[in-house]
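Secondary and tertiary structure notes
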Amino acid sequence: MMQTLSNLMDGRLVEPVGGAYLDNIEPATGRAYSRVPDSDERDVNAAVEAAARAFPEWSNAPAEQRCRVMLRMADLIEARLEELARAESIDTGKPLALARTMDIPRAAKNFRFFATAILHEKSELHVTDRQAMNFTLRRPRGVAGAISPWNLPLYLLTWKVAPALATGNTVVAKPSEVTPMTAFMLSGICIEAGLPPGVLNIVHGAGAKAGAALAAHPGVPTISFTGGTRTGAGIAAVAAPMFKKLALELGGKNPNIVFADARVDEAVAVSLRAAYSNQGQICLCGSRILVEAPLYEEFLERFLRGATALKVGDPLEAGTDLGALVSAAHYEKVRSYVRLAREEGGTIACGGEVAPRVSERCAGGYFFMPTVITGLGPQCRTNREEIFGPVVTIQSFRDESEAVELANGTAYGLSATLWTRDLDRAHRVADRVAAGTVWVNCWLVRDLRVPFGGMKQSGVGREGGDEALRFFTEMKNVCVKLVDG
Ligand code: NAD
């Protein structure tokens, strides 16, 4: 029997009002294995009402009380690490090892980080010429909407939910309908941890229906969205006339710039991870590799050797480097970009095709070989548009200024990586590359305290650390006249 998932509404697991469900497909097999609520406006309205009812008490609770329940949630996520990681691997197609070492531990960390951050809050005070003092009062904004994507489902959902709850907001979350399982399991954890009813409500369903109803709801003044640039633009268009506060974390086409003086072993090894982790479905993946001309041939040869050695396999099996792409539609999109690359005159240096059958169990799965495309210039769509799969391009550049020009040659600006041993150059290029995060001689090293977000079409607003705590709070200046004399 297929498992049927429920919404979390006012502290209870409930069916969607309309009784409709969507199939949830296991990407490694192509078969439906659970049913997810196909919620609509009625479910969203009920969730917002529950969140609004819960707001006064939760927002006025002492920080320590909110902290304690959130720490219990973190503990429960860690206690269920294996169960959650397996569920996430089945739901997304990603290797179990990745879910176990990255997504799930980071979800627990999100709760722990923001739960304890609120215990150390400070507020600013400005004295105006001995006449008055101004202090900044921060209050939660009310019901926050959290809309999250499928690539790192529990990690990115909790990255929004944790700071919102910590600062005293209540939340209606809409996880991706493509990967709902770990958010559903989080519902049980909320109940077990004793999170008061209505503080977090999780409404499953399609973006165009449940997601759109949440973004448009007048009772939700704050929206934190992570997903595609086009979806983000649509949400901004709906939210702007209602003056909602928005954080949009969108797509990327991130340059990975390798200068000739780089430590080549390390640059190749980490560039391979940056290209193919989670089948290339991480917004921060280095999908455009730019190599300084004297190193180009050597780098390409070594990168190809590494890429062809990666094992595409059953996500649940140890030793699998790449699992399945998330859905049939996404698989088609990735394949269409490889066709486009060929039409644009690119050379498929490796991969470029669906993987040979990885196992009997996975015969119907969406497996694609790690792919390298060469010979395409910066104007090609292949080099400008986000593919979000195990497909990278490699181009060469002559000097530093051409590297910066190529790096900045897309509409995106999410992240960049530089490989060089020249410290002066690292600082210069980091300053000139338009990207919200620049890694020097590393990739995906994340510190929850630093502001995170994109430039240009990769988004607006910053999440992470103090920025997230500020995002979910309303600032008020209180100006008090000082006693004369
Ligand atoms: P998506 O935009 O299709 O969906 C994201 C979420 O929005 C889902 O929950 C979806 O149901 C919902 N949604 C879809 N249409 C909506 C609408 N009209 N109104 C409201 N909600 C709607 O993105 P995806 O395919 O799930 O995720 C992949 C994208 O996410 C990639 O572009 C990737 O780069 C981006 N991403 C960005 C970051 C970042 O931090 N910048 C992180 C991860 C993923």
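Residues numbered from 1 in each chain as written. Predicted model: local features only at pLDDT ≥ 70, side-chain atom pairs only at ≥ 80, totals over all residues. Heavy atoms only, no water.

Another point: the packing of aromatic side chains. Within this structure, the stated rule accounts for nine aromatic pairs. Relative to Phe388, the ring of Trp150 lies with its centre 5.4 Å away and its plane at 70°, an arrangement referred to as edge-to-face. Here Trp150 is found in the loop between strand E8 (143-147) and helix H5 (153-166), whereas its partner Phe388 is found in the loop between strand E16 (371-374) and strand E17 (391-397), with 238 residues between them in sequence. Residue classification places Phe388 among the buried residues on the basis of a relative accessible area of 14%. With 5.5 Å between their ring centres and 45° between their planes, Tyr331 and Tyr366 make a pair best called tilted. (Phe/Tyr/Trp six-rings, centres within 6.5 Å; stacked < 30°, edge-to-face > 60°. Helix = DSSP H or I, 4+ residues; strand = E, 2+ residues; numbered from the N terminus. Buried < 20%, exposed > 50% of the residue type's maximum accessible area, 1.4 Å probe, protein only.)

It is worth spelling out the site of the ligand at this point. Taken together, the neighbourhood of the ligand is formed by 28 residues, with Lys174, Glu177, Thr231, Leu250 and Glu386 sitting nearest. A distance of 3.3 Å separates an oxygen atom of the ligand from a polar atom in the backbone of Gly207. In this structure, a nitrogen atom belonging to the ligand sits 3.4 Å away from a main-chain N or O atom of Ala212. Protein burial of the ligand: of its 850 Å² of free accessible surface, 85% is covered by the chains. Looking at the shell around the ligand, the elements with two or more residues in it are helix H7 (207-216), strand E11 (222-226) and helix H8 (229-239). In terms of residue count, H7 provides more of the shell around the ligand than any other element does, three residues in total. The residue makeup of the shell around the ligand, split by class, is 13 nonpolar, eleven polar and four charged. Each of domain 1 (3-250 + 458-477) and domain 2 (255-440) contributes no fewer than three residues to the shell around the ligand. (Near = heavy atom within 4 Å. Polar contact = N/O pair within 3.5 Å; in protein donor to acceptor, adjacent residues only side chain to side chain. Areas by Shrake-Rupley, 256 points an atom, 1.4 Å probe, with all protein chains shown as cover. Nonpolar A, V, L, I, M, F, W, Y, C, P; charged D, E, K, R; others polar. Domains from an automatic or database assignment.)

Once that is clear, we can look at the environment of Val391. Within the fold, Val391 resides in strand E17. For Val391, a relative accessible area of 3% puts it in the buried group. Sequence separation between Val391 and Met369 is 22 residues, and the spatial gap between their C-alpha atoms is 8.5 Å.

What follows concerns helix H1 (residues 41-60). Under the 1.5 Å per step criterion, the end-to-end length of H1 is 29 Å for 20 residues, consistent within 8% with the ideal 28 Å. The principal kink in H1, of about 40°, is found at Ala54, preceding the proline Pro56 by one to four residues. Residues Asp43, Val44, Ala47, Val48, Ala50, Ala51, Ala54, Trp58 and Ser59 constitute the buried set of H1. (Expected span 1.5 Å × (residues − 1). Bend = angle between axes of the 7 residues up to and from the residue.)

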